[in-house]
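So the chains spell out like this:
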Amino acid sequence: MAFFSSPIFFNLHLFITIFLSFSGIDPVSGCFTSIFSFGDSLTDTGNFLYIDNTSNIGNFPYGETYFHHPTGRCSDGRVLVDFIAQAFGLPLLPPYLACSDGQDLRQGANFAVAGATAIDAAFFEERKIGGVVANISLGNQISWFKGLLPALCDSPSGCRKFLRGSLFLVGEIGINDYFYLFSNGSSLEVIRTYVPQVVSSIGSAVHTLIEHGAMTLVVPGGLPLGCFASILTIAASSNKDDYNNETGCLKRWNELLQYHNDLLQIELDRMRDLHPHATIIYADYYNTVLRVYRSPLQFGFSKGALPTCCGVGGPYNYDPLFLCGTHEARVCNEPWLYWNWDGKHPTEGGHRLIADAVIKGLYAFPPINSPCLQLASHVKHNGRYKYM
């Protein structure tokens, strides 16, 4: 597990205000001028509903806490990119697919789509793996961004100048690739063989964005998938040794994501060598979130980290046949006391915690001096995180 030295947990907005005041920068207008986000349901702000308006995430109680109606976010309220945008004084990112022609997106746009994969859908189609939605992969999202550029800037040099002040959030993505493979009968051993291809797709996206002018990119690692109520339910084991005694999570699934994260950090090292002028930050969502699974009470989640707030049935209040947003599912009265919203996604409180760690630079690599992303120091192992 990665550690940081002298952790001081500032209030998010207070931290930014204090730090930027010493830098002579207005915390509202002097940081990033825009944010562009890519990924899957962890950061989708409504794109998927423009693909499938019958999805369960378009139903109440999604959105109940903050927006008071469903918005296509896989949460009871805001998702982590919302908190990041608000921290930098920017408007909530509109979903790209909802934007009509001529809409001003110079302050950013969200290309993330729930269910998106890192690898293109053709890969899964060739292997007759079902359930994958076409034309929403990370590669497709990068293509959407490239198509948007003429509306943001009028030349390659103009784009570089404009994007120099933009923050790019590239991920988290890749979990759906593994989930689809497992759902179609692949073993964890087989799934592991595809991790390099997933990571290569993320690296390719980072490379393309930098080639088009991106200068500051945050690339998150995957979350501990073995702690998801969905995985704990569909991959349940009768062998107690398959579970971590401290967290109750499935060990082999978490090992898969640790492997993914290790390869991703190696790939990002390669991108740094190719693009030394760019700032590429690895955000360690895995260890950020694992703290919650180890000690949910410490973070205010008195109802625990594994059971869902919205769902029905089983030890984790999750049934894949009766998902949150369907008639059969039930929602808790106090979602802020839960980490887990619907079996696959955090509550708004969980998203806030992850976003807070991103802004403060906790569990991030490399440590840099930036008025907008001040990263704390940490212990590394061979230049990357050591899992304990």
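Residues numbered from 1 in each chain as written. Predicted model: local features only at pLDDT ≥ 70, side-chain atom pairs only at ≥ 80, totals over all residues. Heavy atoms only, no water.

(A) Structural detail: the packing of helix α11 (residues 285-294) against helix α12 (residues 348-360). Contact geometry of α11 with α12 gives a least axis separation of 10 Å together with a crossing angle of 135°. Between α11 and α12, the crossing angle belongs to the class labelled oblique. Taken as a pair, α11 and α12 cross one another with a handedness that is right-handed. Packed against α11, whose contacting residues are Y285, T288, V289, R291 and V292, the element α12 presents L353, I354, A357 and V358 at the interface. (Axes fitted to C-alpha atoms, helices over the stretch in contact; angles between N-to-C directions. Helix = DSSP H or I, 4+ residues; strand = E, 2+ residues; numbered from the N terminus. Parallel < 35°, antiparallel > 145°, perpendicular 65-115°, else oblique. Left-handed = near helix turned anticlockwise from the far one by under 90°. Contact = heavy atoms within 4.5 Å.)

(B) Structural detail: the side chain of S34. Inspection of the secondary structure puts S34 in strand β1 (residues 34-38). With relative accessibility at 0%, the residue S34 sits in the buried group. Among the polar contacts made by the side chain of S34, one reaches the side chain of S166 at a distance of 2.5 Å. In this structure, S34 is in contact with L90, R106, Q107, G108, F162, G165, S166 and L167, ignoring residues within four places of it in sequence. (Buried < 20%, exposed > 50% of the residue type's maximum accessible area, 1.4 Å probe, protein only. Polar contact = N/O pair within 3.5 Å; in protein donor to acceptor, adjacent residues only side chain to side chain.)

(C) Structural context of the packing of aromatic side chains. Here the structure, examined in full by the defined rule, presents 17 aromatic pairs. Between the aromatic rings of Y96 and W144, the centroid separation amounts to 5.7 Å while the plane-to-plane angle is 20°, which identifies the pairing as stacked. You can see Y96 sitting in the loop between α2 (80-87) and β2 (108-110) and its partner W144 sitting in helix α4 (residues 138-152), a full 48 residues away along the chain. Taking relative accessible area as the criterion, W144 reaches 17% and is therefore assigned buried. Grouped by ring-pair contacts, the aromatic residues F36, F38, Y96, F111, W144, F145 and F168 constitute a single cluster. (Phe/Tyr/Trp six-rings, centres within 6.5 Å; stacked < 30°, edge-to-face > 60°.)

(D) Local environment of the environment of A118. Following the sequence through the fold, A118 ends up in the loop between β2 and α3 (121-126). Overall, the relative accessible area of 4% leaves A118 in the buried class. For the pair A118 and Y178, spaced 60 residues apart in sequence, the C-alpha separation works out to 10.0 Å.

(E) Structural view of the pairing of strand β4 (residues 216-220). Summarising burial for β4: 5 of the 5 residues are buried, a large majority. Burial along β4 is two-sided: T216, V218 and P220 facing one way and L217 and V219 facing the other are all buried. Summarising the sheet, strand β3 (residues 166-170) and β4 pair through 3 bridges and their orientation is parallel. Its bridge partner lying in β4, L167 is registered against T216. Here β4 runs beside strand β5 (residues 279-283); their pairing, made up of 5 bridges, is parallel. (Pairing = 2+ DSSP bridges.)

(F) Looking closely at the packing of α4 against helix α8 (residues 195-211). It is at 10 Å that the axes of α4 and α8 come closest, and there the two elements cross at 10°. As judged from the angle between their axes, α4 and α8 are roughly parallel. Contact residues: L138, I142, F145 and K146 in α4; S201, I202, A205, T208 and L209 in α8. A class-by-class count of the residues in the contact of α4 with α8 yields 6 nonpolar, 2 polar and 1 charged. (Nonpolar A, V, L, I, M, F, W, Y, C, P; charged D, E, K, R; others polar.)

(G) Expanded view of empty space enclosed by the protein. This structure, assessed with the given rule, holds 4 cavities of 30 Å³ or more. In this structure, the largest cavity occupies an estimated 70 Å³ of space. Taken together, L223, F228, V289, Y293, W339, N340, G343, K344, H345 and P346 make up the lining of the largest cavity. For the lining of the largest cavity, the residue count by class is 6 nonpolar, 3 polar and 1 charged. (1 Å grid on protein atoms, 1.4 Å probe; cavity = no way out; pocket = protein on both sides within 12 Å on 5 of 7 lines; lining within 4 Å. Points joined across faces, edges and corners; volume = space filled by probe spheres on them.)

(H) Spotlight on the confidence of the model for the protein. Residues with a pLDDT of 70 or more make up 85% of the protein, whose mean pLDDT is 87. Counting contacts from residues 1-29, a segment whose pLDDT is below 50, to residues more than four positions away or on other chains yields 60 contacts. The low-confidence segment residues 374-388, where pLDDT is below 50, has 59 contacts with residues more than four positions distant or belonging to other chains. (pLDDT = per-residue confidence, 0-100.)

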